[in-house]
Amino acid sequence: MKINPGFWKKGLNSVGFLLAICRHRFMEDIMLENTKAGFKQVVLLGAGYDTSYRRNQSFLGEVRFIEIDHPNTQKRKIKILVKKSPEILEKVVYVGLDLEKDDLDSALVGRDLVDSEPVLVIAEGVLSYLPGDTFDKVLQWVADLADHVCFVADYRLQQMTDKDAPLTVKRWRKEFGFMHENYNSFFSYETMEKKLINFGFRIKRHLHLANLWKEYTGDRVPGHLMHTAGVFIAGTITGPKSIPESITDAAAAAARLSTFLKDKTMTVNLDKAYINGDLCIQCGLCDDTCNYDAIDTTKDPFEVLPVSCHGCGMCAGVCPTNAIDLRQYLDPQVESQVRGILEAEPNVIIAYCCAQCGYNAADVAGTARSDYPEDIRIVRLPCSGRISLDSILMPFNYGARGVMVVGCLEDQCHYIDGNISAKERALKAKKALDLLGVGGHRLEFFNMSSADGHKFVEAAKRMVKQC
Ligand code: SF4
Ligand code: SF4
C-alpha cells in the first residue's frame with residue numbers, strides 16, 4: 001500500500017498514525033467478517049476518501065455498499081474516482097449529507113436499503129466531530145436503520161477534557177489546530193456504554209486502540225510515545241514534518257512543559273511502585289510488563305520513575321522475588337487485610353476487585369439494593385493485574401472458602417492489559433489448587449464493566465454455589 005505523504009504532513013504523529021492504522025484494519029476486518037457471514041448491506045458513515053469497496057471488491061461482490069459523507073468531500077472523491085476508477089461509481093451508492101443540518105431519515109429513501117435485512121454501519125473517525133445533539137441524533141438514526149444493525153464506531157475519551165488530565169481539549173485543539181480538526185464529542189467509557197444501551201444496542205466489543213496495536217503486532221505501543229507525564233517529544237522524531245510544523249510542535253511541547261516547571265516542584269501521588277534493590281535480580285520482567293516505560297533499567301539497581309508510573313501494580317504481580325511493590329497496596333498490606341477479614345469471619349469468599357470496574361460494579365449492585373450473598377468480602381486493588389500468584393492463593397491459607405478476581409471487560413483494562421495477565425494467573429492458580437486437592441472450582445476470574453452491577457451479583461451467587 002502506498003502511503004500518501006500528505007498524511008504525515010497533516011501532522012499525525014507516529015502514535016496517532018500507528019493507532020489510525022489499527023483502527024482502520026480492525027473496522028475493515030469486521031466488514032469482511034460480516035459480509036462473509038452473510039451481510040448484504042454496508043453503510044460507511046463519513047466515508048471520506050476511504051476506498052474500501054475498491055480494495056475489497058473480490059469479497060464485497062454483490063454487497064449493497066452505501067457511502068455517506070459531507071457533499072463537498074464526496075464531490076471531490078467522485079471527481080478523483082471518475083479519473084482513476086470509474087467502474088466503482090457503478091457499484092457504490094453515494095449519498096451527500098451534512099449530518100448536522102440535513103434530514104437523516106430521508107437520506108436513504110430510494111437507495112435500495114432493505115430494512116428487513118441486516119445492515120453493517122461503519123463510522124470511522126466521525127463521531128468525535130459531532131456536537132452532542134447531532135451525536136445522539138445519528139445514534140438514534142443508526143439504531144432505527146433496520147431490524148438488525150451491526151454498528152462499529154470509534155470515539156474520543158472524555159479523559160482528554162478533564163482538567164487534571166495531561167491533555168485538555170484546549171491544548172488538543174491548539175496542538176492539532178493546523179489540521180483544522182474540530183472535535184466536539186468526548187465521552188468516558190461508561191457514558192458511551194450507557195448511551196449505546198439506551199439506543200437499544202448490545203455491546204459486543206468495546207476496546208482501547210492500544211489493545212488493537214498489541215493484538216495485531218504482539219507488541220505494546222511504545223510507552224515513550226504515549227502521553228507520559230514528564231516526557232515530551234517534538235519535531236521530526238515523531239514523523240516527517242516541515243520546519244513550521246516542527247516549530248508548532250516544539251511550541252506546544254514547551255507550553256505543556258511550562259505547566260510542569262512553573263511550580264518548581266512536581267507533586268505525584270503516593271501510589272507508585274518502588275524497587276528494593278537488595279531483592280531485585282534484574283530479570284527485567286517488570287520492565288516487560290509495564291505499559292508505561294516507568295522502569296529505568298539503566299540504573300543499578302533498577303528504579304521506578306514516579307512521574308511515569310501509573311500505579312497499576314502489574315509489575316508487582318510478576319516479580320519473582322517480590323522486589324517491586326506498589327505503595328498503598330503493598331503485599332503485606334493486602335495480606336493483612338485478607339487475614340483480618342478471615343480471622344474475624346472464617347469461610348467467607350474474598351473478592352479481589354479492580355478499582356476501575358469490579359469495585360464499581362459491586363458498588364452499583366449495592367446502590368441498586370440488589371440482593372447478593374452475604375459471604376462475599378471485597379478487597380480493592382488498583383488493577384486486577386496487581387494480583388500475584390501468591391496473593392491469589394494466600395486467602396486459602398487463612399481459611400477462605402473461595403476467591404474471585406474481578407477485572408474490567410476483556411478489551412477495556414484501564415491500564416491496557418492488566419486483566420489479561422490476571423486472568424492467565426488465575427487459570428494457573430486454578431490448576432495449582434486442583435493439584436493441591438483444594439479444588440480449582442473455588443477460584444474464578446470475572447470480567448465486567450463498572451456499570452455491571454447485575455453481573456457482580458450473578459458472579460457472587462455462582463461463587464457461593466460452587467464453593
Ligand atoms: S521483576 Fe522484580 S526482580 Fe525482576 S527486575 Fe523487576 S523488580 Fe527486579
Ligand atoms: S505500577 Fe504499573 S505503571 Fe508503575 S511501574 Fe509498575 S507496571 Fe509500570
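Please refer to the structure placed before this passage.
Now for a look at the structure at hand. (Residues numbered from 1 in each chain as written. Chains lettered and ligands numbered in written order. Predicted model: local features only at pLDDT ≥ 70, side-chain atom pairs only at ≥ 80, totals over all residues.)

**Considering the packing of helix α14 (residues 331–344) against helix α16 (residues 389–397)**
At a minimum axis distance of 10 Å, the contact between α14 and α16 shows a crossing angle of 25°. One way to sum up the angle between α14 and α16 is to call them roughly parallel. Two packed elements cross with a definite hand, and for α14 against α16 that hand is right-handed. The residues of α16 that touch α14, namely those facing D331, V334, E335, V338 and L342, are S391, M394 and P395. Within the contact of α14 with α16, the residues separate by chemical class into five nonpolar, one polar and two charged. (Axes fitted to C-alpha atoms, helices over the stretch in contact; angles between N-to-C directions. Helix = DSSP H or I, 4+ residues; strand = E, 2+ residues; numbered from the N terminus. Parallel < 35°, antiparallel > 145°, perpendicular 65-115°, else oblique. Left-handed = near helix turned anticlockwise from the far one by under 90°. Contact = placed C-beta atoms within 7 Å. Nonpolar A, V, L, I, M, F, W, Y, C, P; charged D, E, K, R; others polar.)

**What about the sheet that holds strand β14 (residues 402–407)?**
Spatially, the four strands line up as an open sheet ordered β13-β12-β14-β15, and their pairing is parallel. Each edge of the open sheet is held by one strand with a lone partner, namely β13 (376–381) and β15 (443–447). Adjacent strand axes in the sheet meet at a mean angle of 20° when their direction is disregarded. With five bridges connecting them, β14 and β15 associate as parallel partners. When the bridges of β15 are listed, G407 appears paired with N447. Along the sheet, α14 makes contact with β12 (349–354) and β13, crossing β13 at roughly 170°. Contacting β14 and β15, helix α17 (residues 418–436) runs over the sheet at an angle of about 160° to β15. (Pairing = 2+ DSSP bridges.)

**Describing the site of ligand 1**
As a matter of local geometry, ligand 1 sits amid 13 residues, with C280, C283, C286, C319 and I324 nearest to it. For the shell around ligand 1, the per-class residue count stands at ten nonpolar, three polar and no charged. (Near = placed C-beta within 6 Å.)

**Some remarks on the nonpolar core**
Among soluble globular proteins, nonpolar side chains are generally buried collectively. Judged by nonpolar contacts, the single largest core of 101 residues is most densely connected at V121, I122, C315, I349, M404, V405 and V406. Of all the elements, β12 adds the most residues to this core, at six residues. For M404, the contacting residues outside a window of four places in its chain are I349, A351, E444, F446, A459 and M463. (Core = buried A, V, L, I, M, F, W, Y, C linked by C-beta atoms within 7 Å. Buried ≥ 20, exposed ≤ 12 C-beta atoms within 10 Å, placed from the backbone.)

**Focus: the packing of helix α15 (residues 358–367) against helix α18 (residues 453–466)**
The geometry of α15 relative to α18 is characterised by a closest axis approach of 7 Å and an angle of 95° between their N-to-C directions. As far as their axial angle goes, α18 and α15 are roughly perpendicular. Residues A361, A362, V364 and A365 of α15 pack against G453, K455, F456 and V457 of α18. In terms of residue class, the contact of α15 with α18 is built from six nonpolar, one polar and one charged.

**Some details on the site of ligand 2**
Near ligand 2 you find 15 residues, and of these C290, A294, C309, C312 and C315 are the closest. Counted by class, the shell around ligand 2 contains eleven nonpolar, four polar and no charged residues.

**Things to note about the sheet that holds strand β3 (residues 92–96)**
Read across the sheet, five strands follow the order β3-β2-β1-β4-β5 without closing on themselves; strand pairing throughout is parallel. Unpaired on one side and paired on the other, β3 and β5 (149–153) mark the two borders of the sheet. Geometrically, the sheet is characterised by an average inter-axis angle of 15° between neighbouring strands, direction not taken into account. Note: strand β1 (residues 41–45) against strand β4 (residues 119–123), four bridges, orientation parallel.

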